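# Geometric and topological summary
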Amino acid sequence: MNILIVPSWYPDKENTNWGYGQINGSFFLEQAHELNKIVNTQIVYIKVHSLRKMKLKNLINFFSISWDLENGIRTFRLNTFNFLPGSTTGLLLQYKVISFLVFRFLSLSKKFDLPDVVHCHGSFFGGAVGIYASKFFKKKLIFTEHSRQLTDYLLPKEVNYYKSLLKNSSKVIALSNDFRNYFRESYHINNNKIEIVPNMIPRIFIDHDHRVFQKNKTFTFIFIGMLIDLKKPLDIIKAFSKINQSGIDSQLKIIGVGNQYSKCNTLVNELSLNDRVRFFGTLSRENTLKEIAKSHCLCSVSTTESFGMSVLEALTLGLPVISTKSGGPQDLVNNKNGLLVDIGDIDGIADAMTYTCNNYNNFNSDHIRDDALKRFHPNVVSNKLISIYQK
């Protein structure tokens, strides 16, 4: 079986810089790598960038193409710029024309295996490329969405495009039960068309012995995520301040960057938490793993989460998790591996943090890790995907 993966964003190729680095979109690469162990997997990544990203070095090489073997996967990349800005119709037209030319070229290439299934990740605009691939090769389209597309925040043309993507997909994959309910309620998709397939654990977190790194002597909470309103970093700082005032000896590590960094830093100063809260900025995957492993508890306090990748990574390293009921985490967190609290409930978050500190020995690290591996191991998720491909 030949599977064509079409991501909406993807890690930058080595020695290139299109703004995604090596972490952004890495779960697409990891999933493709795992699938490639079982079925033949190829990747086509077409990205029409905003003109705002154009710099002199990009201008010189504004049309970048590669067709190479990357990480054992045959991968076609094309990067260019949107020369019809301000028009959704114009942007979709560019994707359509580029996709036709790319798939025409690939169909004539001896290195390309004609796909049996097209699987696109994300709607804007891997979904557009996925639709064109499905029609060009006359194969079914599987669509995995990774974020909620609220019609109130989309232009009419974007809403029509999104509905077309859902209509043209044989199966729509949701990352969690909450996400499935969102599809049913917001877009009235028949339940039979929706499949739930969670993200898989990255191999680096499986291969790592979570007991290698010694825990920090001070009880350590860790927050990982963009410092934006959606992730509510101010809430975790406020909750941490409450337990600090109660006399609990603890510290908070914050990994991530975003437009609320200044507000977060100001709040830390106002609450006199400078010696208790540390900002790490952006870390590599390896260094993020080390910081999680040295911590005692991960906190996720978002307004909404389609899944909760940092939650899964922490569980895989045996950490209990405190999370708001933001959607995806309800499928991850249970009474044996953490605590769920209401969104925006700062007192509830603080109470959960206090409980975790005082009852830390009640959480069995090995059991937490084993449960995560049982449910989200790459082999488990890959087999779910393949069963959908074969239907």
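Here the structure is a predicted model, which means the values were calculated and not measured.

## As for the sheet that holds strand S10 (residues 250-255)
Read across the sheet, six strands follow the order S11-S10-S9-S12-S13-S14 without closing on themselves; strand pairing throughout is parallel. In the strand order of this sheet, the two ends are held by strand S11 (277-281) and strand S14 (338-341), each with one partner. Ignoring strand direction, the axes of neighbouring strands in this sheet form an average angle of 20°. Direction of pairing for strand S13 (residues 321-324) relative to S14: parallel, over a ladder of four bridges. Each residue of the ladder has a partner; that of Ser323, found in S14, is Leu340. Most of the contacts of helix H8 (residues 233-245) go to S10, to which it runs at about 170°, and overall it touches strand S9 (219-224), S10, S11 and strand S12 (297-300).

## A closer look at the pairing of strand S1 (residues 2-7)
Taking burial as the measure, the six residues of S1 include six buried ones, the bulk of the element. Going residue by residue along S1, you find Asn2, Leu4 and Val6 tucked away on one face and Ile3, Ile5 and Pro7 tucked away on the opposite face as well. Pairing of S1 with strand S2 (residues 40-49) involves four bridges; the strand directions are parallel. For Ile5, the partnering residue across the bridge sits in S2 and is Ile43. The sheet contact formed by S1 and strand S5 (residues 117-121) spans five bridges and is parallel.

## Observations concerning the nonpolar core
Residues Leu4, Tyr95, Val102, Phe103 and Phe183 are the most contacted members of the largest nonpolar core, which totals 70 residues. Here this core takes seven residues from helix H3 (residues 88-108), the largest share from any one element. Not counting residues up to four positions away in its chain, the partners in contact with Leu4 are Gln42, Ile43, Val44, Phe103, Phe112, Pro115, Val117, Val118, His119, Ala133 and Phe137. In terms of nonpolar packing, the next biggest core, distinct from the first, is built from 29 residues, Ile236, Ile237, Cys299 and Ala350 among them.

## Details of the sheet that holds strand S6 (residues 140-144)
A sheet is described by the order of its strands in space; here eight strands give the open sequence S3-S4-S2-S1-S5-S6-S7-S8, paired in mixed fashion. Strands with a single pairing partner mark the edges of an open sheet, and in this sheet they are strand S3 (64-70) and strand S8 (194-196). For this sheet the average axis-to-axis angle between neighbouring strands, irrespective of direction, equals 20°. Sheet strands in contact with helix H14 (residues 378-389) are S1, S5, S6, strand S7 (171-174) and S8, and its direction is about 145° off that of S6.

Cut-off values and rules
Residues numbered from 1 in each chain as written. Predicted model: local features only at pLDDT ≥ 70, side-chain atom pairs only at ≥ 80, totals over all residues. Heavy atoms only, no water. Pairing = 2+ DSSP bridges. Helix = DSSP H or I, 4+ residues; strand = E, 2+ residues; numbered from the N terminus. Axes fitted to C-alpha atoms, helices over the stretch in contact; angles between N-to-C directions. Contact = heavy atoms within 4.5 Å. Buried < 20%, exposed > 50% of the residue type's maximum accessible area, 1.4 Å probe, protein only. Core = buried A, V, L, I, M, F, W, Y, C linked by side-chain atoms within 4.5 Å.

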